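Structural overview
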Amino acid sequence: MRMLIMGPPGAGKGTQAKGIAAHYGVPAISTGDIFRSNVANETELGLKVKAIMAAGEYVSDEITNDLVADRLTEADAVNGFLLDGYPRTVAQVVALDGMLKASSATIDAVIALTADREELVGRLLNRARVEGREDDNEDAIRRRLEVYDSETKELLDVYRKRGVLITVNGLGEIDEVGERIREALAEQRA
Ligand code: ADP
């Protein structure tokens, strides 16, 4: 099972990704988490992306694609994965297609979480207070939501045309949304 999960910042993408990945026995691979741990550990990569992330901008496609290409060759990802936060640009879609082509693999499902803008800003400001994430300040939040909207529409169209897009309402309790995703996936695969 090779899957992607997309959703605006604050839609609970990371939480749902972990639940769904566990359900299907595949690793959840979050580019945001990988970048954040590199920043925290002050690696060469971390130092490169720190300021970009704090501003709510995207890391370059080149850096991001290399990171994912490396990660997908690890043993746990060979038979399946759930990518969280990647691809985020059309160039990344093309790069991912290239990575999969080498092993004649394809993406089976793309889960798109939807959520109301006002609700998202509220959730993110709350997360900022609880977790202290550096890019959860109001300017960066607004910027991330804008960047998400403008960059993602096109990607959703690509996967819709391929017939693998599943749109799920991301508002509600964690378990409730998880159940919606599992049902939608089961229906798609039936
Ligand atoms: P969120 O979706 O909540 O904003 P993520 O954890 O998915 O957070 O990503 C945080 C930041 O990491 C992004 O704002 C961006 O700077 C960087 N990032 C993560 N994934 C990508 C990607 N695929 N392409 C470019 N930048 C990325």
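Please read all numbers here as calculations on a predicted model, not as lab measurements.

Digging into the overall build of the protein chain
Scanning the protein chain for helices and strands turns up eight helices and five strands. Sequence-ordered secondary structure for the protein chain, helices as α and strands as β, is β-α-β-α-α-α-β-α-β-α-α-β-α. Relative to the globule expectation of 16 Å for 190 residues, the C-alpha radius of gyration of the protein chain, 16 Å, shows essentially globular dimensions. The principal-axis extents of the C-alpha atoms in the protein chain amount to approximately 40 × 40 × 30 Å. Taken over 190 residues, the protein chain has a buried fraction of 44%. Put simply, the protein chain shows about 9900 Å² of open surface, and 49% of that area lies on carbon and sulfur atoms. Of the charged side chains in the protein chain, 24 are positive and 33 negative, and the gap between their average positions amounts to 2 Å.

Some words on the packing of helix 6 (residues 117–131) against helix 7 (residues 138–161)
Between helix 6 and helix 7, the shortest axis-to-axis distance is 10 Å and the interhelical angle comes to 140°. Classified by the angle their axes make, helix 6 and helix 7 are oblique. Crossing of helix 6 against helix 7: the hand is right-handed. Taking contact as the criterion, the partners of R117, L120, V121, L124, L125 and R127 in helix 6 are, on helix 7, E138, I141, R144, L145 and D149. Considering only residue class, the contact of helix 6 with helix 7 consists of six nonpolar, no polar and five charged.

Some words on the environment of I34
Inspection of the secondary structure assignment puts I34 in helix 2 (residues 31–40). Residue I34 is classed as partly exposed on the basis of its relative accessible area, which comes to 23%. Residues I34 and L67, 33 residues apart in the sequence, show an inter-C-alpha distance of 8.8 Å. Contacts of I34, omitting those with residues within four sequence positions, involve I29 and L67.

What counts and what doesn't
Residues numbered from 1 in each chain as written. Predicted model: local features only at pLDDT ≥ 70, side-chain atom pairs only at ≥ 80, totals over all residues. Heavy atoms only, no water. Helix = DSSP H or I, 4+ residues; strand = E, 2+ residues; numbered from the N terminus. Rg over C-alpha atoms; globule rule 2.2 N^0.38 Å. Buried < 20%, exposed > 50% of the residue type's maximum accessible area, 1.4 Å probe, protein only. Areas by Shrake-Rupley, 256 points an atom, 1.4 Å probe, with all protein chains shown as cover. Lys, Arg positive; Asp, Glu negative; His and termini not counted. Charge placed at Lys NZ, Arg CZ, Asp CG, Glu CD. Axes fitted to C-alpha atoms, helices over the stretch in contact; angles between N-to-C directions. Parallel < 35°, antiparallel > 145°, perpendicular 65-115°, else oblique. Left-handed = near helix turned anticlockwise from the far one by under 90°. Contact = heavy atoms within 4.5 Å. Nonpolar A, V, L, I, M, F, W, Y, C, P; charged D, E, K, R; others polar.

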